[in-house]
Amino acid sequence: MAGHAAELYAHIKNDPEQTQVLFRQALQDPQGALQAICDLGKTLGLSVTKDEIKAHLASLDDTATKQWLVKARGGL
């Protein structure tokens, strides 16, 4: 399943519209955004848990993603 988080992240990253929807949601409701990502994964057959998503994002060395996370976490 851990591999699913990376594959799901790649899918989201390659869909600018989906990325924007999740970003806006994360600004207002970070936990809801995590749930939306899990739901999307389930729809795509890439089931992941919230902890798997968090672990994958924490492992990335991507400046754009880190900035995205900082902004999203400001909503916590």
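Report follows, based on the coordinates. (Residues numbered from 1 in each chain as written. Predicted model: local features only at pLDDT ≥ 70, side-chain atom pairs only at ≥ 80, totals over all residues. Heavy atoms only, no water.)

Along the chain, the regular secondary structure elements total 5 helices and 0 strands. For the chain, the proportion of its 76 residues judged to be buried stands at 33%. Nonlocal contacts in the chain, meaning residues at least 24 apart in sequence, comprise 59% of its contacts between residues at least 6 apart. On the chain, roughly 4900 Å² of surface is accessible, and the fraction owed to carbon and sulfur atoms is 55%. (Helix = DSSP H or I, 4+ residues; strand = E, 2+ residues; numbered from the N terminus. Buried < 20%, exposed > 50% of the residue type's maximum accessible area, 1.4 Å probe, protein only. Contact = heavy atoms within 4.5 Å. Areas by Shrake-Rupley, 256 points an atom, 1.4 Å probe, with all protein chains shown as cover.)

With that out of the way, let us pick up the packing of helix α2 (residues 16–28) against helix α3 (residues 30–43). Running from N to C, α2 and α3 cross one another at 145 degrees; their axes reach a closest spacing of 6 Å. Along its contact with α2, which presents Gln18, Leu22, Gln25, Ala26 and Gln28, the element α3 presents Pro30, Gly32, Ala33, Ala36, Ile37 and Leu40. (Axes fitted to C-alpha atoms, helices over the stretch in contact; angles between N-to-C directions.)

Before going further, it helps to spend a moment on the nonpolar core. Grouped together as the largest cluster of nonpolar side chains are 15 residues, with contacts concentrated most on Leu8, Ile12, Ile37, Val48, Ile53 and Leu57. When residues of this core are traced back to their parent elements, those giving at least two are α1 (2–13), α3 and α4 (50–59). (Core = buried A, V, L, I, M, F, W, Y, C linked by side-chain atoms within 4.5 Å.)

Once their charged atoms are close, side chains differing in charge can pair, the charge on each being opposite to the other. A full pass over the atoms with the stated rule returns 1 salt bridge. The salt bridge involving Lys13 is made with Asp62; its shortest N-O contact spans 3.1 Å. Residue Lys13 is located in helix α1, and its partner Asp62 is located in the loop between α4 and α5 (63–73); the two are separated by 49 residues in the primary sequence. (Salt bridge = Lys/Arg side-chain N within 4 Å of Asp/Glu carboxyl O.)

Any link to function would need more than the numbers given here.
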